[in-house]
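Single-letter residue listing:
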Amino acid sequence: MLLAKPLLLSINLTAKLCRSIAIFIALTIFSFSALADEVRLKNGDVLTGTIIKKETDKLIFNTSYAGDISIVWSQISTLTSTSPVKVFLADEINMTGTIDESEPGRAIIRIVNTDVESDFDLNELTYINPSPEVSGIGVVWSGNINLGGALTEGNTDTSLVRADGETIARTKNNRFTLGGVLNRAKSNNVDTEYNSRAYAKYDKFLTKKWYLYTNITLENDRFRDIDLRSTTGVGNGYQIYEQDDLNLAIEGGINYIKVDYDIADDESYASGRWALRYDQKPMSGNVQFFHQHEILFGLEKTANTLVFSKTGLRVPIAKNLNASTQVNFDYNSKPAENRKKMDKTLLFSLGYGW
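Residues numbered from 1 in each chain as written. Predicted model: local features only at pLDDT ≥ 70, side-chain atom pairs only at ≥ 80, totals over all residues. Heavy atoms only, no water.

Let us now look at the layout of surface pockets. There is about 170 Å³ of room inside the second largest pocket. Every residue along the wall of the second largest pocket is listed here: G148, G149, L160, R162, N183, A185, T192, E193, T345, L346, L347 and F348. Among the elements of the structure, β11 (140–152), β12 (158–170), β13 (174–187), β14 (190–205) and β22 (342–353) are those that each provide at least two residues to the lining of the second largest pocket. A total of four residues in the lining of the second largest pocket trace back to one element, the largest contributor, which is β22. Split into classes, the residues belonging to the lining of the second largest pocket amount to five nonpolar, five polar and two charged. (1 Å grid on protein atoms, 1.4 Å probe; cavity = no way out; pocket = protein on both sides within 12 Å on 5 of 7 lines; lining within 4 Å. Points joined across faces, edges and corners; volume = space filled by probe spheres on them. Helix = DSSP H or I, 4+ residues; strand = E, 2+ residues; numbered from the N terminus. Nonpolar A, V, L, I, M, F, W, Y, C, P; charged D, E, K, R; others polar.)

Our next topic: a negative patch on the surface. A cluster of acidic side chains, namely D227, D262, D265 and D266, defines a negative patch on the protein surface. In this fold, D227 is placed in strand β16 (residues 226–243). Relative accessible area serves as the criterion here: at 45%, D227 is assigned to the partly exposed category. (Patch = residues over 30% accessible without salt bridge, like charges linked within 9 Å, V, L, I, M, F, W, Y side chains within 5 Å. Areas by Shrake-Rupley, 256 points an atom, 1.4 Å probe, with all protein chains shown as cover. Salt bridge = Lys/Arg side-chain N within 4 Å of Asp/Glu carboxyl O. Lys, Arg positive; Asp, Glu negative; His and termini not counted. Charge placed at Lys NZ, Arg CZ, Asp CG, Glu CD. Buried < 20%, exposed > 50% of the residue type's maximum accessible area, 1.4 Å probe, protein only.)

Our next topic: empty space enclosed by the protein. All chains considered together, the criterion is met by four cavities of 30 Å³ or more. One number sums up the size of the largest cavity: a volume of about 60 Å³. Lining the largest cavity are R229, V259, Y261, E267, Y269, N304, T305, L306, N332 and K334. Across the lining of the largest cavity, the residue classes break down as four nonpolar, three polar and three charged. When its volume is computed, the second largest cavity comes out at roughly 40 Å³. Only β15 (210–221), β16 and β19 (288–298) provide two or more residues apiece to the lining of the second largest cavity. Along the lines of polarity and charge, the residues of the lining of the second largest cavity split into two nonpolar, two polar and four charged.

Now the structure itself:
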C-alpha cells in the first residue's frame, strides 16, 4: 500500500502532463490555422494560406502544400485575410486593411489604424496588392549588374575585364531604361579589346500593350575605328507579355546614326529600326533564358546595316546572385577599311539582380 500511493500519484501527474501537452498542441495548431488567410469557394471548398495578389481575373494564393496557386475570381464566394492587404475597387477607391468574410459574394474590409469598416461586392474588387505598373501608384525598380574577368601572369601577361549593367524603372504608364557595357583586355601590356556602350530609353504607354519610345545609344570601339557612334530615334512598341516569368516586346521606328571615325571619313544617315526583347523562366523554374536583338538598316544608304544581339542563360546561385553565360553577335555590313563585318563573343560572368 505504501508503494501504491506514490505510483498512483505518478500516474495522475503523467496523465495531467499528457493532457496539458495535448491541449498545448491543439491550441498551437488552432492558432496557426487562425492566423491563415482563407478563401471559400462557391462549391463549398475552403482553402487556407496567404493572399498574395489579384491583378487579373485570378487570385494568387500561397499554400503550404502546393505553393502559389491561381484561383478563378468568379469562383470565390468570400475570403478573409489576417494581415492588411491593399484593395482597389472598380470606382478607383483603394483601401488598406484586413478582410473579413460576409455573405456570399461580398466581404468586409477593416481599414488599418481606424474603426472604419466597409462592406463591398467582390465583383467590384479589381486588384489586391497590385504592383505599381498595374495600380499606377509607386515605382518598380528592376535590373542587374554583371562582372567577368581574367588575369594571367608569367610567360603570358593578360588581363580581361567585362562589366555590364541595366536598370529599369516602371510605373503604370512609363518605363525608363538605362544601361551600359564596358570591355577592356590586354596582352603583354598591349590593348587587345577596348570598347564601351551606353544607352537610355523611355517608353510611354498609351494602352496596356502599346507604347511610344525614344532612345539614344553612345558607343566607341578602338579596334573598329569608331571614336563615337551615336544613335537617336523614336518609334512605337507592343508589349506582348510583361510578367515575372515571361517578358516579350517588339519595336519598330526610325533612327538617326552619326559615326565619328578615328581614321575613316565620318558619316551620318537615317535608318529604320526593328528590335525584340524576350526573357522567360521555362516551366515556372528559376533559370532564365533571354534574347535581345536590334537591327538598324539604312533608309537612303541601303547597304548600311547594323545588327546587335545577345542570347544566354542566367542561373541563380544564391539570393539575388546569379551566374550567366551569353553569346553576343554584332554585325556591320560596311565596316571601316580593313575591319571585319562580324564580332562574336562568348561570355561567362557573375551578377547581382534585383
